[in-house]
Amino acid sequence: MSLLSVVIPAYNEEAMLPRTVSALTSILESAEIGFELVFVDDGSRDRTWERIQEAAQADPRIHGIRFSRNFGKESAIFAGLAGARGDCAAVMDCDLQHPPATLIEMYRLWEQGYEVVEAVKRTRGEESLFHKVCSGLFYRIMTKAVGFDMSRASDFKLLDRRAVEALLDIPEKRAFFRALSSWIGYRQASVEFDVQEREAGESKWSTWALIRYAVTNITGYSTAPMLLVMWAGVIVFAIDVILAIQTLLRYRAGTAVEGFTTVILLLLFLGSIIMISLGIIGYYIARIYQEVQGRPRYIISRSI
Ligand code: UDP
Ligand code: MG
């Protein structure tokens, strides 16, 4: 019988963990799927690790990995995949916003030979307007950068062992699981699901965290911002030529613009364009620096 590993990143999920365990165990047992649950405690500050230990002691099919601190959901996903021993591995959230019933559907597609099964959001669930606008913009940019539709993508995926190995072979430290798992190719299929309400605990994402996440992932897949710098330079140069000609003509005609106003405006304009451009280039250099440093994606402190 084949084995399904379910990788579940958990950060401060003490309230949800026992529910997630029982929901998954009962549905997978009734579907007669052989499984293991791999919980990755992403440096929680509550009793998540204790809950994982209790669950693991009660059921040998449950495993836990604990990070030495909070490394973020992406790292947790990769650690879980590295620890998974199944013939296929699914990734899902610990808050049951990804319905376990969809997991069964995905598993059946895997049995039919699909190697990357993605669950796409039919609806996005409850979100504020600001959140909707920002995520809409983010996914439009990402779709352009990655080259395939990301607007309804989620981290809820099921991967064949081959796809898991391919992902783990990618040395990129700041990997974006959602995009990378489509990028690797293989036979892909998708199912739709409705994002459920979170039953307990709270969302771990602040607005700032989401903005940082968006910038990291866009720059991870696109160098368009750097081209923007070049285009800004071209446009400013064109304006410069026109202004230079005008200035010279006026000088000859004896009606040269006088005074500091023009100089101040030009200085401010050029100064800010230059600094923004340096910032963009600096950001990419910082990313190169981080990758070159080669620090690991995560550090594991305990496992069970
Ligand atoms: N998560 C994590 N590390 C983090 C933040 C979140 O492992 O730093 C996990 C969290 O426990 C949950 C999943 O990622 O299982 C999704 O998080 P959340 O529900 O807070 O995000 P949302 O559903 O609001 O996008
Ligand atoms: Mg959630």
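Residues numbered from 1 in each chain as written. Chains lettered and ligands numbered in written order. Predicted model: local features only at pLDDT ≥ 70, side-chain atom pairs only at ≥ 80, totals over all residues. Heavy atoms only, no water.

S.K.: Just checking my understanding: could you explain the overall build of the protein for this structure?
M.R.: Along the protein, the regular secondary structure elements total ten helices and eight strands. In terms of overall dimensions, the protein is more spread out than a globule: its C-alpha atoms have a radius of gyration of 25 Å, far above the 19 Å expected for 304 residues. With respect to the three principal axes, the spread of C-alpha positions in the protein is 90 × 40 × 40 Å. Expressed as a percentage of contacts within the protein between residues at least 6 apart in sequence, the contacts between residues at least 24 apart total 83%. (Helix = DSSP H or I, 4+ residues; strand = E, 2+ residues; numbered from the N terminus. Rg over C-alpha atoms; globule rule 2.2 N^0.38 Å. Contact = heavy atoms within 4.5 Å.)

S.K.: What should I look at first to understand the packing of aromatic side chains in this one?
M.R.: In this description, an aromatic ring pair is defined by two values, namely the gap between the centres and the angle between the planes. Tallying each qualifying case throughout the model produces eight aromatic pairs. Considering the side-chain rings of Phe-67 and Tyr-298, the 5.1 Å spacing of their centres and the 5 degrees angle between planes classify their relative orientation as stacked. Of this pair, Phe-67 sits in strand S3 (residues 62-67) while Tyr-298 sits in the loop between helix H10 (260-293) and strand S8 (300-303), placing them 231 residues apart in sequence. Exposure remark for Phe-67: the relative accessible area of 2% places this residue in the buried category. Plain terms: the ring middles of Phe-156 and Phe-193 are 5.4 Å apart, the flat faces sit at 85 degrees to each other, and that makes the pair edge-to-face. Note that Phe-156 is positioned in the loop between helix H5 (129-146) and strand S6 (157-160) and Phe-193 in strand S7 (residues 188-194), a separation of 37 residues in sequence. Ring pairing ties together the aromatic residues Phe-138, Tyr-139, Phe-176 and Tyr-213, which thus form one cluster. The ring of Phe-71 is capped by Arg-69, whose NZ or CZ atom sits 3.9 Å from the centre of that ring. (Phe/Tyr/Trp six-rings, centres within 6.5 Å; stacked < 30°, edge-to-face > 60°. Buried < 20%, exposed > 50% of the residue type's maximum accessible area, 1.4 Å probe, protein only. Lys NZ or Arg CZ within 6 Å of the ring centre and 35° of its normal.)

S.K.: I would appreciate a short explanation of a nonpolar patch on the surface in the present structure.
M.R.: Together, Ile-235, Ile-239, Leu-243, Leu-266, Phe-269, Leu-270, Ile-274 and Leu-278 line one region of the surface with nonpolar side chains, adding up to about 690 Å² of accessible area. The set of elements that each furnish at least two residues to the nonpolar patch consists of helix H9 (224-253) and H10. For the nonpolar patch, the element with the most residues is H10, which contributes five residues. Mapped onto the elements, Leu-270 comes out in helix H10. (Patch = residues over 30% accessible without salt bridge, like charges linked within 9 Å, V, L, I, M, F, W, Y side chains within 5 Å. Areas by Shrake-Rupley, 256 points an atom, 1.4 Å probe, with all protein chains shown as cover. Salt bridge = Lys/Arg side-chain N within 4 Å of Asp/Glu carboxyl O.)

S.K.: Sorry, what's going on with the coordination of the magnesium ion (ligand 2) here?
M.R.: Working reference: metal with six octahedral donors, ideal angles 90 or 180 degrees; metal with four tetrahedral donors, ideal angle 109.5 degrees. The protein atoms that coordinate the magnesium ion (ligand 2) are Asp-95 (OD) and Gln-97 (OE1), at distances spanning 1.7 to 1.9 Å. Asp-95 sits in the buried class, given a relative accessible area of 3%. Looking at Gln-97, the relative accessible area reads 22%, which means it is partly exposed. (Donors = N, O, S within 2.8 Å, 3.2 Å for Na, K, Ca; no water.)

S.K.: Hey, could you run me through the layout of surface pockets in this one?
M.R.: To find the voids left in a structure, one rolls a probe of water-molecule size over its atoms. Approximately 290 Å³ is the volume found for the second largest pocket. In this structure, the second largest pocket is lined by 13 residues; those nearest its centre are Ile-141, Ile-218, Ser-222, Ala-224 and Pro-225. Classifying every residue of the lining of the second largest pocket by side-chain character gives ten nonpolar, two polar and one charged. (1 Å grid on protein atoms, 1.4 Å probe; cavity = no way out; pocket = protein on both sides within 12 Å on 5 of 7 lines; lining within 4 Å. Points joined across faces, edges and corners; volume = space filled by probe spheres on them. Nonpolar A, V, L, I, M, F, W, Y, C, P; charged D, E, K, R; others polar.)

S.K.: Got a minute to help me understand the pattern of salt bridges in this structure?
M.R.: Any two side chains of opposite charge can pair, given that their charged atoms come close. Tallied over the entire structure, the rule returns 15 salt bridges. A salt bridge links Arg-51 to Glu-54; the nearest nitrogen and oxygen atoms lie 3.4 Å apart. Here Arg-51 pairs with Glu-54, and both are found in helix H2 (residues 48-58), just three residues apart, close to one helical turn. Assessed through its relative accessible area of 43%, Glu-54 is described here as partly exposed. Across the pair Arg-122 and Glu-192 runs a salt bridge, and its minimum N-O distance is 3.0 Å. Note that Arg-122 is positioned in strand S5 (residues 116-123) and Glu-192 in strand S7, a separation of 70 residues in sequence. Three or more residues joined by partner-sharing salt bridges are found here, namely Lys-73, Asp-93, Asp-155 and Arg-178.

S.K.: Could you clarify how one ought to interpret H5 in this entry?
M.R.: Residues that lie three or four places apart on an α-helix share one face, since the helix turns once every 3.6 residues. Along its 18 residues, H5 runs 25 Å from first to last C-alpha, staying within 8% of the 26 Å computed at 1.5 Å per residue. When we look at burial in H5, the residues that qualify are Ser-135, Phe-138, Tyr-139, Met-142 and Val-146. Buried residues of H5 fall within an arc of 100 degrees about the axis and therefore sit on the same side. Opposite the buried face of H5, by more than 90 degrees, sit the exposed residues Leu-129, Phe-130, Val-133, Arg-140 and Lys-144. Among the structural elements, helix H7 (177-183) and helix H8 (207-221) are those in contact with the buried residues of H5. (Expected span 1.5 Å × (residues − 1). Arc of directions from axis to C-beta.)

S.K.: Would you take a moment to explain the nonpolar core for this structure?
M.R.: Side chains that are nonpolar tend, in soluble globular proteins, to be buried together. By size, the foremost hydrophobic cluster in this structure holds 36 residues, and its most contacted members are Leu-4, Val-6, Leu-28, Leu-37, Phe-39, Leu-103 and Leu-158. Of all the secondary-structure elements, those providing two or more residues to this core are strand S1 (3-10), helix H1 (17-30), strand S2 (34-41), H2, strand S4 (88-91), helix H4 (100-111), S5 and S7. Looking at this core element by element, the count peaks at six residues for H4. With 29 residues, the next largest nonpolar core counts Ile-77, Met-150, Ile-170 and Tyr-213 among its residues. (Core = buried A, V, L, I, M, F, W, Y, C linked by side-chain atoms within 4.5 Å.)

S.K.: What is the right way to look at the environment of Ser-5 in this model?
M.R.: Take Ser-5: it is sitting in strand S1. Taking the C-alpha atoms as reference points, Ser-5 and Cys-134, separated by 129 residues in sequence, lie 33 Å from one another. For Ser-5, the contacting residues outside a window of four places in its chain are Glu-36, Ala-84, Arg-85, Gly-86, Cys-88, Ala-89 and Ala-90. Within the structure, Ser-5 has its side chain in polar contact with the side chain of Glu-36 (distance 2.6 Å). (Polar contact = N/O pair within 3.5 Å; in protein donor to acceptor, adjacent residues only side chain to side chain.)

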